[in-house]
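# A closer look at the structure
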Amino acid sequence: MRGLIRLTITNLKLYIREPVSVFFTLAFAPLLVVLFGAMYGNDPSPLFGGYGSMDISMPAYTALILGSVGILGIPIQVGSLREQGVLRRYRTTPMNPLTYITADVITNLIMTLLGMILLVLVGWLLYSVQFEGQVLKVIGALILGGLSMFSFGYLIAGLAPGARAAQVIGMVIFYPMMFLSGAGIPLEIMPETVRKISDFLPLTYVVKLLRGLWFGGSWGEHLLEVAVLVGVLVLCGALTARFFRWE
Amino acid sequence: MTSIIKVQDLRKTYDDVVAVDGISFEVAEGEIFGMVGPNGAGKTTTIECIEGLRNADSGQMSIFDLDPQHDRSRIAERIGIQLQQSALPARIRVSEALVLFASFYQRQADPQELLKRLGLTEKRSSAYAKLSGGQKQRLFIALALINSPEVVFLDELTTGLDPQARRAMWDLVRDIREQGRTVFLTTHYMEEAERLCDRVAILDHGRIVALDTPEALIRSLGVESRLVFTLPNGSDDLSLQDLPQVSRVETSGDRVVVYGSKEGLASAVLNALEDAGIDFQDLRTEQPNLEDVFLALTGREMRE
Ligand SMILES: Nc1ncnc2c1ncn2[C@@H]1O[C@H](COP(=O)(O)OP(=O)(O)OP(=O)(O)O)[C@@H](O)[C@H]1O
Ligand SMILES: [Mg+2]
């Protein structure tokens with residue numbers, strides 16, 4: 001327990017000292033708000049069910065952060081720590097591997113939560129974005145979405161031969177998913193085919209769940225999303241347990 | 001003396017490379033046990049099998065009478081490990097690393113005391129990536145001691161250290177023994193093995209070719225003492241060969257090497273030179289050392 005807490009604190013410090021991960025987790029989404037806000041504004045639109053473009057971007061960009069941390073960030077992080085021999089050094093201690101992953105997950109959840117808070121702050125200051133849900137429910141959705149995306153990231157890290165490969169695989173999976181899942185661009189303005197593809201992308205279900213709860217929806221209305229995300233988590237978790245390597 | 005580590009017929013192959021080829025030995029509680037051998041001899045493989053970090057192909061091993069694979073976490077609590085190759089996160093600071101690693105163990109040494117002992121106090125807030133090679137090495141030694149381990153494994157403990165730091169590490173290792181703890185180290189410095197270790201195993205091609213105290217190893221080689229000096233004015237007529245203590249004389253240019261028994265060689269040769277009124281310079285004796293044993297047993301050929 002002491003090890004878990006200490007490792008989480010240390011990981012958070014290390015995270016904040018890493019400019020690239022800080023950018024993608026904390027600054028990227030607010031920058032998108034500034035950029036797309038300037039282009040589209042936040043006027044209510046029938047296309048988005050009476051919400052403005054920035055209103056619906058809040059949950060979507062939150063999903064974007066979760067996806068980028070899970071699929072871009074974690075594979076590089078884990079891959080390079082393994083390549084350098086850091087994981088090897090941890091393995092010599094009595095620390096349980098599960099403790100290591102738990103600390104890592106908590107660190108990434110805290111950082112995405114911070115990212116979401118910053119995002120909403122910028123959205124609220126610039127466009128007075130609306131929030132109609134319950135904070136705890138949204139945090140619950142963030143955790144579920146996060147766990148499923150992160151487990152996907154650990155699986156990539158486990159399967160990729162090296163840090164460089166992990167990074168490339170992450171990018172190849174993440175960037176198309178970012179555009180096709182509604183996380184980067186609302187699905188409402190996408191052609192029908194893209195919406196069909198989106199049904200097969202896990203990130204789509206993170207966007208839908210967060211957006212539903214964000215605007216006052218209930219868990220009961222999102223059982224499909226919950227089921228898909230739990231499924232991804234269980235599957236990737238099991239495969240990670242099988243394929244994860246410390247060196 | 002009780003054995004704290006027991007290894008019986010340990011074998012380990014990687015694909016087609018036989019890294020360790022059926023070795024057996026024991027390490028006694030409270031001793032400094034050294035393992036030397038050419039590059040690729042199998043030292044790291046042996047040590048990491050005992051630590052439970054690699055799976056042996058066959059053979060029995062135990063440490064504290066526990067099985068390295070089966071009881072890894074229980075063993076990990078009681079041992080300290082400095083790996084030949086590892087790293088820390090680039091941006092972690094020295095003191096953070098110590099506090100972090102301390103938190104993984106029930107029993108903890110004082111991090112400040114360790115920093116002081118390893119000369120890292122001034123570097124306590126430096127990032128790992130900004131440390132010099134020797135400072136990183138010292139940090140890893142500190143981490144190996146963070147849980148006051150009963151057995152410390154040091155794989156090439158002084159590689160990359162300057163002479164001062166090397167001597168400080170020798171003192172440190174001796175202190176560990178004074179406290180009744182056990183040290184298992186590998187090194188490429190024969191002087192270090194000779195001065196520091198209670199017993200030394202010489203490994204070659206995955207086998208132990210010799211295992212004994214450094215003194216016994218040197219004695220077993222039967223190598224003669226040497227007396228080396230130069231003759232600035234030259235001299236053809238040395239007739240040192242006739243002295244009973246001298247077995248043979250080699251001259252090359254003005255440099256002379258006299259071989260003979262350990263006892264009385266120096267005084268006999270000195271007297272003879274004085275009597276003959278021969279000018280000599282730079283006289284020194286050379287005792288056979290562990291390096292001679294090492295080269296005699298493992299050859300002079302460089303390994304792949
Ligand atoms: N992970 C590995 N995969 C494949 N071969 C390996 C691996 N580790 C070691 N070997 C091989 O096993 C042999 C023994 O290596 P080992 O690292 O045990 O030697 P060593 O005595 O520690 O050498 P050095 O003095 O260079 O550290 C070498 O031939 C090496 O190439
Ligand atoms: Mg080695």
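These numbers come from a predicted model, not from an experiment. (Residues numbered from 1 in each chain as written. Chains lettered and ligands numbered in written order. Predicted model: local features only at pLDDT ≥ 70, side-chain atom pairs only at ≥ 80, totals over all residues. Heavy atoms only, no water.)

## Notes on the overall build of chain A
Counting its secondary structure elements, chain A contains 10 helices and 0 strands. Secondary structure elements in chain A, listed N-terminal to C-terminal, are α-α-α-α-α-α-α-α-α-α. The globule rule puts the C-alpha radius of gyration for 247 residues at 18 Å, and the 18 Å found for chain A is close to it. Taken along the three principal axes of its C-alpha coordinates, chain A extends 60 × 35 × 35 Å. Looking at chain A residue by residue over its 247 residues, the buried ones come to 55%. (Helix = DSSP H or I, 4+ residues; strand = E, 2+ residues; numbered from the N terminus. Rg over C-alpha atoms; globule rule 2.2 N^0.38 Å. Buried < 20%, exposed > 50% of the residue type's maximum accessible area, 1.4 Å probe, protein only.)

## Focus on helix 3 (residues 94–102) of chain B
The buried fraction of helix 3 of chain B amounts to 7 of the 9 residues, a majority that puts the element mostly inside the structure. Regarding helix 3 of chain B, the residues found buried are Val94(B), Glu96(B), Ala97(B), Leu98(B), Leu100(B), Phe101(B) and Ala102(B). Of the surrounding secondary structure, the elements contacted by the buried residues of helix 3 of chain B are helix 1 (2–16) and helix 4 (86–91) of chain A together with helix 4 (111–117) and helix 5 (133–144) of chain B. (Contact = heavy atoms within 4.5 Å.)

## Some remarks on the interface of chain A and chain B
On the side of chain B, 29 residues touch chain A, which itself brings 22 residues to the contact. Note on chain A versus chain B: buried area summed over both sides is about 2,400 Å², and carbon and sulfur give 57% of it. At the junction of chain A with chain B, the criterion picks out 4 salt bridges. Residue Arg88(A) is joined to Glu48(B) by a salt bridge in which the shortest nitrogen-to-oxygen separation is 2.7 Å. (Buried area = accessible area lost by both parts, 1.4 Å probe. Salt bridge = Lys/Arg side-chain N within 4 Å of Asp/Glu carboxyl O.)

## A few points about the nonpolar core
Counting 123 residues, the largest nonpolar core has Tyr90(A), Tyr100(A), Phe150(A), Leu88(B), Leu139(B) and Leu185(B) as the members making the most contacts within it. For this core, the element with the highest residue contribution is helix 3 (residues 53–84) of chain A, accounting for 15 residues. Setting aside residues up to four positions removed in sequence, Leu88(B) forms contacts with Gln84(A), Val86(A), Arg89(A), Ala97(B), Phe101(B), Tyr128(B), Leu139(B), Phe140(B) and Leu143(B). If you look at the next biggest cluster of nonpolar residues, it comprises 29 residues, including Phe33(B), Phe64(B), Leu83(B) and Phe153(B). (Core = buried A, V, L, I, M, F, W, Y, C linked by side-chain atoms within 4.5 Å.)

## Considerations on the sheet that holds strand 6 (residues 151–155) of chain B
Residues and elements named next belong to chain B. Spatially, 6 strands are ordered 5-6-7-3-8-9 in an open sheet, and the strand pairing comes out mixed. Taken across any chain shown, the strands that pair with only one partner, and hence form the sheet edges, are strand 5 (79–82) and strand 9 (207–212). Direction aside, the axes of adjacent strands within the sheet are offset by 15° on average. As judged from the 5 bridges shared by strand 6 and strand 7 (residues 182–186), these two strands associate in the parallel manner. (Pairing = 2+ DSSP bridges. Axes fitted to C-alpha atoms, helices over the stretch in contact; angles between N-to-C directions.)

## Some points on a nonpolar patch on the surface
All names here are of chain A. Taken together, the side chains of Val 34, Leu 121, Trp 124, Leu 125 and Leu 126 present a nonpolar region at the surface, about 540 Å² in accessible area. Here the nonpolar patch takes 4 residues from helix 5 (residues 97–127), the largest share from any one element. For Val 34, the position within the fold is in helix 2 (residues 19–40). Judged by relative accessible area, which is 43%, Val 34 ranks as partly exposed. (Patch = residues over 30% accessible without salt bridge, like charges linked within 9 Å, V, L, I, M, F, W, Y side chains within 5 Å. Areas by Shrake-Rupley, 256 points an atom, 1.4 Å probe, with all protein chains shown as cover.)

## Some words on the coordination of the magnesium ion (ligand 2)
All names here are of chain B. At the metal site, the magnesium ion (ligand 2) is ligated by Thr 44 (OG1) and Gln 84 (OE1), and these contacts range over 1.9 to 2.1 Å. With a gap of 40 residues between them, Thr 44 in helix 1 (residues 43–50) and Gln 84 in the loop between strand 5 and helix 3 connect regions that are remote in the sequence. Classification of Thr 44 by relative accessible area gives buried; the value is 16%. For Gln 84, a relative accessible area of 37% translates into the label partly exposed. (Donors = N, O, S within 2.8 Å, 3.2 Å for Na, K, Ca; no water.)

## Describing the site of ligand 1
All names here are of chain B. Around ligand 1, the surrounding shell holds 15 residues, and the nearest of these are Gly 40, Lys 43, Thr 44, Thr 45 and His 188. In this structure, Asn 39 approaches ligand 1 through a side-chain N or O atom, which is 3.0 Å from an oxygen atom. At a separation of 2.7 Å, an oxygen atom of ligand 1 approaches a polar side-chain atom of Thr 44. Relative to its free-state accessible area of 630 Å², ligand 1 is covered by the protein chains to the extent of 65%. When residues of the shell around ligand 1 are traced back to their parent elements, those giving at least two are strand 2 (17–28) and helix 1. Along the lines of polarity and charge, the residues of the shell around ligand 1 split into 5 nonpolar, 7 polar and 3 charged. (Near = heavy atom within 4 Å. Polar contact = N/O pair within 3.5 Å; in protein donor to acceptor, adjacent residues only side chain to side chain. Nonpolar A, V, L, I, M, F, W, Y, C, P; charged D, E, K, R; others polar.)

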